[in-house]
Amino acid sequence: MHADLVEDGPYRFRIEPTGAMRVPGVLFASRELLAPAENAIEQVAHVAALPGVVEASYAMPDVHLGYGFPIGGVAATDPREGGVVSPGGVGFDISCGVRLLAADTDASGLAPALRDLMDGLDPVIPRGMGKGAVWHLPGRRDLTGILTGGARYAVEQGHGNERDLRRCEDAGAVADADPGQVSERAVERGARQVGSLGSGNHFLEVQRVAEVYDADAAGAFGLRPGQVCVMIHCGSRGLGHQICTDHVRAMEAAMPRHGIEVPDRQLACAPVDSAEGRAYLGAMAAAANYGRANRQLLTEAARRVFRRVAGARLDLVYDVSHNLAKLEEHVVDGEPRRLCVHRKGATRALPPGHPDLPPDLREAGQPVLIPGTMGTSSYVLTGVPGAPAFSSTCHGAGRVQSRHQAARGVGGRQLRAALEEQGIAVRPSSWRGLAEEAPDAYKDVSAVVEAAEGAGLCRKVARLVPLGVVKG
DNA sequence: ATGTTC
């Protein structure tokens, strides 16, 4: 256990400010969940040193080592006090996130068609490193609609419906995207990948609602026990990666000019109200829209297969990002302030009654979608009133082994056989990629969710189990 | 996460 960590409540630890830290560190977790994340705890303290940071540098129960910021980190800065935005606080996969679709059929009814369904999804869900996409776009002009319009643009082009957009964070498009801040190289990489899962922990899973903890909230979300669901986990692909690379470089060069020093060069940042800060936020918003359009197009690909093979419909439950910085209003020390909230491997979790929720979700709160490790449960949570960390919670299981370590363990073929033995159909894109996602490489997602709920960050609504996984 | 080290 980290020497400077003090237990401060249920599932709550604190690091008192020392050295360059401007605020404390606050970690929501059990000792067991923090034990494999020693190096990430150091990163929580580093983030607390950022100019303009307010309240605390927070860590969610799935915290682990990331680029500069920990994955599972939440930090807000006040632009009026020189607060910065840092690409490392969002991550390379800008707006990586999850969407959940609910089918109008139960698992028992779908069982005879499951194999055909998986075989139908296999060839139409592009995935793996660099390979294939639902849309192919020649270049910048064609990408502009996606970069500014996100899922809304995809729907306008005939890929989805208006109801989908009401069930997306920000109604499917982040405002203030600036395609002019997206480099030619980022556009080139992005143009070939619109509508693709990518690799790593990204997937499309066919799931069954195994358990409902809150029937009222589940009902509002359109979920019931036994129901079939589809969960899509993907991000902004090479476009987001290139944008992060470009803007980290620009901010590194500009930091001396802004008189900013940080404990780790991976925390490269610039004031929100500076040319570099605005440039990054404009490009980041464009990548966020790309990520949402990506998930919208994969939704349509899945819908076509479900209709054809099973005669089933898929309705959007919600689409939410796990990697984003947003300008939001929060009350700090009794004062409403406009803050730049970084969530990296963390989920916004709006409480019941929040004005940004669509009317049909307002009573229940925002659906929070938590993908589990391959072959294990995923969760649907919801926000709670008065939650700490700027209404944020966990985002997934959280790695404990590097990809390299994981690949030295169980082989991909062996892993697939074990999952098929459990009745889970697996359609991988590579054996190596599958091995890197072995469940042993992750924390127990149920323990993460228990800690998040126990710390008062969110409430459990439902647990989903996999029937079949299309693996990135 | 990522044309898995421009």
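Residues numbered from 1 in each chain as written. Chains lettered and ligands numbered in written order. Predicted model: local features only at pLDDT ≥ 70, side-chain atom pairs only at ≥ 80, totals over all residues. Heavy atoms only, no water.

Peer 1: So what about the packing of helix α4 (residues 114-121) against helix α10 (residues 275-310)? Which residues, and what values?
Peer 2: As a packed pair, α4 and α10 sit with axes 9 Å apart at the nearest point and diverge in direction by 145°. Pair α4 / α10 crosses with right-handed handedness. Residues D116, L117, G120 and L121 of α4 touch α10, and the partners they reach there are A302, V305, F306, R308, V309 and A310. (Axes fitted to C-alpha atoms, helices over the stretch in contact; angles between N-to-C directions. Helix = DSSP H or I, 4+ residues; strand = E, 2+ residues; numbered from the N terminus. Left-handed = near helix turned anticlockwise from the far one by under 90°. Contact = heavy atoms within 4.5 Å.)

Peer 1: Go over the protein's contact with DNA strand B with me, naming the residues and quoting the values.
Peer 2: Of all residues adjacent to DNA strand B, which total 17 residues, the nearest are R189, Q193, G200, N201 and R403. For DNA strand B, the fraction of atoms within 4 Å of the protein that belong to sugar or phosphate moieties is 42%. Here a base oxygen of DNA strand B sits 3.2 Å away from a polar atom, N or O, in the side chain of H241. A distance of 2.4 Å separates a phosphate oxygen of DNA strand B from a polar side-chain atom of R403. Elements with a minimum of two residues in the surface near DNA strand B: α7 (184-191) and α9 (237-258). At three residues, the largest contribution of residues to the surface near DNA strand B is made by α9. For the surface near DNA strand B, the residue count by class is two nonpolar, eight polar and seven charged. (Near = heavy atom within 4 Å. Polar contact = N/O pair within 3.5 Å; in protein donor to acceptor, adjacent residues only side chain to side chain. Nonpolar A, V, L, I, M, F, W, Y, C, P; charged D, E, K, R; others polar.)

Peer 1: Requested: an account of helix α13 (residues 412-421), with residues and values cited.
Peer 2: The complete set of buried residues in α13 reads G412, L415 and L419. Down the axis of α13, the smallest arc covering the buried residues is 60°, so these residues share one side. Away from its buried face by more than 90 degrees, α13 exposes R413, Q414 and E421. Just beyond α13, the residue with positive phi is G423, at close to 85°. (Buried < 20%, exposed > 50% of the residue type's maximum accessible area, 1.4 Å probe, protein only. Arc of directions from axis to C-beta.)

Peer 1: I'd like a rundown of the packing of aromatic side chains, residues and numbers included.
Peer 2: Scanning the entire structure with this criterion turns up four aromatic pairs. When the ring of F28 is compared with that of Y58, the centres are 5.8 Å apart and the planes differ by 15°; the resulting orientation is stacked. Residue F28 is located in the loop between β3 (25-27) and α1 (31-34), and its partner Y58 is located in strand β4 (residues 53-64); the two are separated by 30 residues in the primary sequence. For the ring pair W135 and Y153, a centre distance of 6.3 Å and an interplane angle of 90° mean the geometry is edge-to-face. Placement of W135 in the loop between α4 and α5 (140-156) and of Y153 in helix α5 is noted, with a sequence separation of 18 residues between them. If you follow K460 out to its NZ or CZ, it ends over the ring of Y213, 4.3 Å from the centre. (Phe/Tyr/Trp six-rings, centres within 6.5 Å; stacked < 30°, edge-to-face > 60°. Lys NZ or Arg CZ within 6 Å of the ring centre and 35° of its normal.)

Peer 1: So what's going on with the packing of α9 against α10? Residues and values would help.
Peer 2: It is at 10 Å that the axes of α9 and α10 come closest, and there the two elements cross at 170°. Accordingly, the angle class assigned to the pair α9 and α10 is roughly antiparallel. The segment α9 lies against α10, with R237, L239, G240, I243, H247, A250, M251, A254, R257 and H258 engaging E276, G277, A279, Y280, A283, M284, A287, Y290 and N294. Taken together, the residues of the contact of α9 with α10 break down into eleven nonpolar, five polar and three charged. (Parallel < 35°, antiparallel > 145°, perpendicular 65-115°, else oblique.)

Peer 1: Could you give an account of the UniProt feature "active site" (unreviewed entry) in chain A, with specific residues and numbers?
Peer 2: Here the UniProt feature "active site" (unreviewed entry) sits at H395. With respect to the helices, strands and loops of the structure, H395 is situated in the loop between β17 (392-393) and α12 (403-408). In contact with H395, not counting residues within four places along its chain, are D62, I71, H322, G345, A346, T347, L369, I370 and P371. In terms of polar contacts, H395 uses its side chain to reach the side chain of D62, at 2.6 Å. (UniProt positions renumbered as here; feature names shortened; annotations may be inferred.)

Peer 1: Before we move on, can you summarise the pattern of salt bridges with the specific residues and values?
Peer 2: Pairing between side chains becomes possible if they bear opposite charge and their charged atoms approach one another. All chains considered together, the criterion is met by 29 salt bridges. A salt bridge links D78 to R337, with the shortest nitrogen-to-oxygen separation between them at 2.9 Å. Taken together, the residues span a long stretch of sequence, with D78 in the loop between β5 (71-77) and β6 (84-85) and R337 in strand β13 (residues 335-344) at a distance of 259 residues. Residue classification places D78 among the buried residues on the basis of a relative accessible area of 3%. Linking R257 and E276 is a salt bridge whose minimum nitrogen-to-oxygen distance equals 3.3 Å. Here the residue R257 occupies a position in helix α9, and E276 occupies one in helix α10, the gap between them amounting to 19 residues. Residue classification places R257 among the exposed residues on the basis of a relative accessible area of 61%. (Salt bridge = Lys/Arg side-chain N within 4 Å of Asp/Glu carboxyl O.)

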